[in-house]
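# Descriptive structure summary
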Amino acid sequence: MSEDTSVMSATRFNGRIRRNGGAWPVEAGRYRLLASRACPFAGRSLIVRRLMGLEPAISVAFTDPLQDERGWRLPAPDPVLGIRFLSEPYFAAAPGYDAGVSVPVMVDVPSGKVATNDIDTLSIDLATEWGEHARRGAPDLYPEAHRAEIDELNTDVFHNVAIAVYEAGMAETQEAYDSAYQRLFDCLDRMEERLTGRRYLVGDTITEADVRLFNSLARFDAIYHGYFKCNRNLLAQMPALWAYARDLFQTPGFGDTVDFDDMKRHYFTVLDAGNPHHIVAGGPDLSGWLAPHGRDALGGRPFGEGTPPGPPPAAEAVPPAGRPG
Ligand SMILES: N[C@@H](CCC(=O)N[C@@H](CS)C(=O)NCC(=O)O)C(=O)O
């Protein structure tokens, strides 16, 4: 599964943090996750970390949604890494580094260097390699029996939803926009059909595939529909997908990582080509995210044999301004 594409910052540190040796061994307290709550790819790692209960083992720092010419930064000097800019661990890992500085990134605390910023593997490794530090009742988000199906869906959703929205929103030709728009809504139609009779994308439990699709859906009506011109319809006009997104949003570990305020301030300000005055849109009305979804009637066992996570640590709670209701 490859996730290289031209609208992304393709440069990667593709280390793997794994249990059985290698450059980056699994070790509680060793890595710090730097993530933006605005970014759908960082959102994957935040949700998997919550679902697995890895908060005590992997600390997190949230980036400022706004950037200056130095790129991603932290709102205050980081108490663990002592850095202010995300470029610092990149420079520490690769002196003279002059490529993209992206989130999410796992930083090795002792050396201050990037271990990985590879979104292909980062959240999968969080789901599969950290078992000994996971909470009791943590789900199996990447079950062996379903891996091929999950990978296939992830590839489809990555190219035709997660990236297609950027390709539409940042298109510089009508053709590029038209192509991305078509692929996006074709894929959403496929997902709408798939999710009409089943609660989750694969099997009858939440998997990593749901984590990925959810991150794009959570940004759809607030950002992609208007700002990225993905406006054939709102998510709220696709009955199965909208109920599916609400179901996940209301599942502990999903909605409690989503900050609509942070997301809107980031996109409307940082990706500012069509918005030179950085006006942040007022809508949409977020209260629908808390409306009943009725998806329990489809059955499914959200956490399989496991249980939902408890609430997030107080220091990680999404501020009221970013929450619906
Ligand atoms: N660069 C990562 C993908 C993650 C990504 O592109 N994140 C965006 C935010 S959604 C980013 O940090 N872009 C650089 C920036 O905004 O300065 C990879 O290719 O593995």
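Refer to the preceding data block for the structure.
Being a predicted model, the structure only gives us computed values, none of them experimental. (Residues numbered from 1 in each chain as written. Predicted model: local features only at pLDDT ≥ 70, side-chain atom pairs only at ≥ 80, totals over all residues. Heavy atoms only, no water.)

Helix length check: helix α4 (residues 147-162) (16 residues) gives 20 Å between terminal C-alpha atoms against 22 Å at 1.5 Å per residue, more than 12% under. Ile-150, Leu-153, Asn-154, Asp-156, Val-157, Phe-158, Asn-160, Val-161 and Ala-162 are the residues of α4 that are buried. Here the buried face of α4 lies against α1 (40-52), α5 (164-169), α6 (174-194) and α7 (208-218). (Helix = DSSP H or I, 4+ residues; strand = E, 2+ residues; numbered from the N terminus. Expected span 1.5 Å × (residues − 1). Buried < 20%, exposed > 50% of the residue type's maximum accessible area, 1.4 Å probe, protein only. Contact = heavy atoms within 4.5 Å.)

Counting residues in hydrophobic clusters, the biggest one holds 97 residues, and the most contacted among them are Trp-130, Leu-241 and Trp-289. Setting aside its immediate chain neighbours within four residues, Trp-289 contacts Phe-214, Leu-217, Ala-218, Leu-235, Trp-242, Ala-245, Arg-246, Phe-249, Gln-250, Phe-260 and Pro-324. (Core = buried A, V, L, I, M, F, W, Y, C linked by side-chain atoms within 4.5 Å.)

Below, the discussion takes up the sheet that holds strand β6 (residues 113-116). For sheets, the rule is that strands pair by backbone hydrogen bonds, running either parallel or antiparallel. Across the sheet, four strands lie side by side as β4-β3-β5-β6; this open sheet has mixed pairing. Two strands lie at the open edges of the sheet, namely β4 (59-62) and β6, each paired on one side alone. Recorded for the sheet is a direction-independent mean angle of 35 degrees between the axes of neighbouring strands. Where strand β3 (residues 31-35) lies against strand β5 (residues 105-108), four bridges are found, and the strand directions are antiparallel. Each residue of the ladder has a partner; that of Arg-32, found in β5, is Val-107. Sitting on the sheet, α1 touches β3 and β4, and the angle it makes with β3 is about 130 degrees. (Pairing = 2+ DSSP bridges. Axes fitted to C-alpha atoms, helices over the stretch in contact; angles between N-to-C directions.)

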